[in-house]
Amino acid sequence: MYGSGLRVSECLQLRVQDIDFEHLSLTVHNGKGGKDRQTLLSSQLIEPLKLAIKRGIAVQAKDKEMGVGSSLPYQLGKKYKNAAFSASWAFIFPSANHCYHPVTGVLCRHHLHTSVIQKAIKVAANRANIHNKRVTCHAFRHSFASELIRSGSDILTVQELLGHSDIRTTQIYTHVIGKHYAGTNSPLDALAL
């Protein structure tokens, strides 16, 4: 979430085919507002992601032996009958249990529920003795945006990476870091007086 600016739901819905290690990017499908977008992938996440992908594919392979596939968007599942069994459609973070697809009623495996991650972050915050601040999944997305702006990234680039349709939403981060014009300083600040 911090490395790519993802919402918790976007992170958990990632499938194997959404990761591009070569270009250090990932694709978010059907994000907020039903939009798709591409965002950054930190090189530090390559090995952990490869391990998670390996686990996700192994879970899917066991499910396939039982005739159970990954849950798919309804129309996609109708159009591509075997996609639910394809490794590229495996969730990187699969649920521990099977469920019935809410539309088709077919037994399938979905991704982890957001509450699993929310609880894990709460536990981690307690272990780190962070009691004076509210630590949430969304804090990682906010930190991603704030750090990009603080390091001089263009506000339009940050807007695109976050998937904001309105620049005013992204501009909130310039206020959070105390630089109201996307990190622009007065020329007087560069002079030694």
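To be clear, the structure that these remarks concern was listed above.
Quantities reported herein were computed from a predicted structural model and do not represent experimental measurements.

Cut-offs and rules
Residues numbered from 1 in each chain as written. Predicted model: local features only at pLDDT ≥ 70, side-chain atom pairs only at ≥ 80, totals over all residues. Heavy atoms only, no water. Helix = DSSP H or I, 4+ residues; strand = E, 2+ residues; numbered from the N terminus. Buried < 20%, exposed > 50% of the residue type's maximum accessible area, 1.4 Å probe, protein only. Areas by Shrake-Rupley, 256 points an atom, 1.4 Å probe, with all protein chains shown as cover. Lys, Arg positive; Asp, Glu negative; His and termini not counted. Charge placed at Lys NZ, Arg CZ, Asp CG, Glu CD. Phe/Tyr/Trp six-rings, centres within 6.5 Å; stacked < 30°, edge-to-face > 60°. Lys NZ or Arg CZ within 6 Å of the ring centre and 35° of its normal. Axes fitted to C-alpha atoms, helices over the stretch in contact; angles between N-to-C directions. Parallel < 35°, antiparallel > 145°, perpendicular 65-115°, else oblique. Left-handed = near helix turned anticlockwise from the far one by under 90°. Contact = heavy atoms within 4.5 Å. Nonpolar A, V, L, I, M, F, W, Y, C, P; charged D, E, K, R; others polar. Arc of directions from axis to C-beta. Polar contact = N/O pair within 3.5 Å; in protein donor to acceptor, adjacent residues only side chain to side chain.

A.B. asks: Residue-level account of the overall build of the protein chain, with values.
C.D. replies: What the protein chain contains, in helices and strands, is seven helices and six strands. Reading the secondary structure of the protein chain in the N-to-C direction produces α-β-β-β-α-β-α-β-β-α-α-α-α. Overall, the C-alpha framework of the protein chain stretches about 75 × 40 × 30 Å when taken along its three principal axes. Out of the 193 residues in the protein chain, the part that is buried amounts to 34%. Surface exposure of the protein chain reaches about 12,200 Å², of which carbon and sulfur atoms provide 56%. One way to put it: in the protein chain the 23 positive side-chain charges average out to a point 10 Å from where the 13 negative ones average out.

A.B. asks: If you had to explain the packing of aromatic side chains to someone new, which residues and values would you point to?
C.D. replies: Tallying each qualifying case throughout the model produces zero aromatic pairs. The lysine or arginine in question, K50, covers the ring of F21, its NZ or CZ lying 5.3 Å from the ring centre.

A.B. asks: Account for the packing of helix α5 (residues 137-150) against helix α6 (residues 155-162), naming residues and giving values.
C.D. replies: Direction vectors running N to C along α5 and α6 enclose 160 degrees, while the axes themselves pass 10 Å from each other. By the angle between their axes, α5 is roughly antiparallel relative to α6. The chirality of how α5 crosses α6 is right-handed. Only I155, V158, L161 and L162 of α6 make contact with α5, whose side of the interface consists of R141, F144, A145, L148 and I149. Here the residues of the contact of α5 with α6 sort into eight nonpolar, no polar and one charged.

A.B. asks: Give me α6: which residues, what numbers.
C.D. replies: Residues of α6 that are buried include every one of I155, V158, Q159, L161 and L162, and no others. Looking straight down α6, one finds that the buried residues subtend no more than 165 degrees of arc, so they occupy a single side. You can read the cap of α6 off the contacts: a side-chain oxygen lies 3.0 Å from the backbone nitrogen of L156, and it is on D154. With its phi angle positive at about 80 degrees, G163 sits one or two positions after the end of α6.

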